[in-house]
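# Coordinates in review
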Amino acid sequence: NMASPALLMRVVASAYSVAEKAATIVRNVMAAGDLGIVEKTGANDLQTKADRLVQMSICASLARKFPKVTIIGEEELSTDEVTEELIEDGHCEEILKKTCPAQYTGIKEEELVIWVDPLDGTKEYTEGLLDHVTVLIGIAYGGKAIAGVINQPYYNYESGADAVLGRTIWGVLGIGAFGFQLTEAPAGKHIIVTTRSHSSTLVNDCISALNPDSVIRVGGAGNKIIQLIEGKASAYVFASPGCKKWDTCAPEAILHAVGGKITDIHGNSFQYNKEVKHMNSAGVLATLRNYDYYASRIPNTVKQSLVP
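Residues numbered from 1 in each chain as written. Predicted model: local features only at pLDDT ≥ 70, side-chain atom pairs only at ≥ 80, totals over all residues. Heavy atoms only, no water.

The name that an unreviewed UniProt entry assigns to the protein chain is 3'(2'),5'-bisphosphate nucleotidase 1, with the source organism given as Phoenicopterus ruber ruber. Taken directly from UniProt, the Sequence similarities (unreviewed entry) text for the protein chain runs: "Belongs to the inositol monophosphatase superfamily." If you open the UniProt record of the protein chain and go to Cofactor (unreviewed entry), you find "Mg(2+)". (UniProt positions renumbered as here; feature names shortened; annotations may be inferred.)

## Considerations on the nonpolar core
Grouped together as the largest cluster of nonpolar side chains are 105 residues, with contacts concentrated most on L8, I58, W115, Y125, I137 and Y236. Per-element accounting of this core gives the leading share, 14 residues, to helix 1 (residues 7-32). In this structure, this core is formed jointly by two domains, domain 1 (7-178) and domain 2 (191-305), each of which donates at least three residues. Excluding its chain neighbours within four sequence positions, the residues that come into contact with W115 are I72, L136, I137, G138, A140, K245, W246, C249, Y272, N273, V276 and H278. (Core = buried A, V, L, I, M, F, W, Y, C linked by side-chain atoms within 4.5 Å. Buried < 20%, exposed > 50% of the residue type's maximum accessible area, 1.4 Å probe, protein only. Helix = DSSP H or I, 4+ residues; strand = E, 2+ residues; numbered from the N terminus. Domains from an automatic or database assignment. Contact = heavy atoms within 4.5 Å.)

## Some details on the packing of aromatic side chains
Taken as a whole and judged by the stated rule, the model has six aromatic pairs. Between W115 and Y272, the ring centres sit 6.3 Å apart and the planes meet at 70°, which makes this aromatic pair edge-to-face. Of the two residues, W115 is situated in strand 4 (residues 112-120) and Y272 in the loop between strand 12 (261-263) and strand 13 (284-287); the sequence distance between them amounts to 157 residues. For Y272, a relative accessible area of 0% translates into the label buried. On the basis of an interplanar angle of 25° and a centroid distance of 4.7 Å, the ring pair of W170 and F178 is categorised as stacked. (Phe/Tyr/Trp six-rings, centres within 6.5 Å; stacked < 30°, edge-to-face > 60°.)

## Some thoughts on the UniProt feature "binding site: Mg(2+)" (unreviewed entry) in the protein chain
Sequence positions flagged by UniProt for "binding site: Mg(2+)" (unreviewed entry) are, in local numbering, E74, D117, L119, D120 and D247. The named residues occupy 174 residues along the chain; their greatest pairwise C-alpha distance, 9.7 Å, places them in one compact cluster. Lining residues of the largest pocket drawn from the annotated set just named are E74, D117, L119, D120 and D247. Here D117 lies in strand 4. With relative accessibility at 1%, the residue D117 sits in the buried group. (1 Å grid on protein atoms, 1.4 Å probe; cavity = no way out; pocket = protein on both sides within 12 Å on 5 of 7 lines; lining within 4 Å.)

If you want it as structure tokens, here you go:
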């Protein structure tokens, strides 16, 4: 008689299927043509019908299966009127077959916090930069990001009509990360990935100080971590307070599962317990390798401008 899989593995396996359902919703909203855009705080802070439906789908689906888990989503929405067609009940069998790391086998539902960004890269979504878009489900325990799911609904969208759209990347600390080919950036090259729509003098001064060979400007924190783990960029640098916990939780777990590192600009770890403030007010510094090289070159003027 096999013991039933540990709670953590059941949550990750469900989050995987929930993220696939989310991707279908994202694609359906886009295909229907009415994005239902509203401005939250301004032209760079948008919410679409996809953000709203996906968040309701993810939060309601996970809450139904794991009622005592704390779930924190980006959008302020009531989940009262969630229709059945938004509920995803499935799970990924392959994930359930993996052995839960010993330090996580005793976790109880009420000890988990799930951070959800239903559509990371909303501005890019509204502008048709579809490969920038991700769905992020991050799982935290003891204030640390320990597991995550990143879905790219439009992965492969430029590969022609018969291409299979979308992919799901997942990872757990102590197991690894799956769904992509781990690749290191070219040795000796300093390629920095940073914000596309939230630039500032400080953001640009910080990047210049690192003397990069090239700078990639893309939307979405999930998308930027994918650039690191697929070897397209060597560091993700964002010297600005714009990023939130739901942007970094899932990507952090996946990056850490493959030996990378993400902190704020000062080198502090992010905390993900449910009481924590949502804003990562001291920016982001992340690498797959050579973290210390970049950390040691962040100018003091930049650090002084960004208070944790």
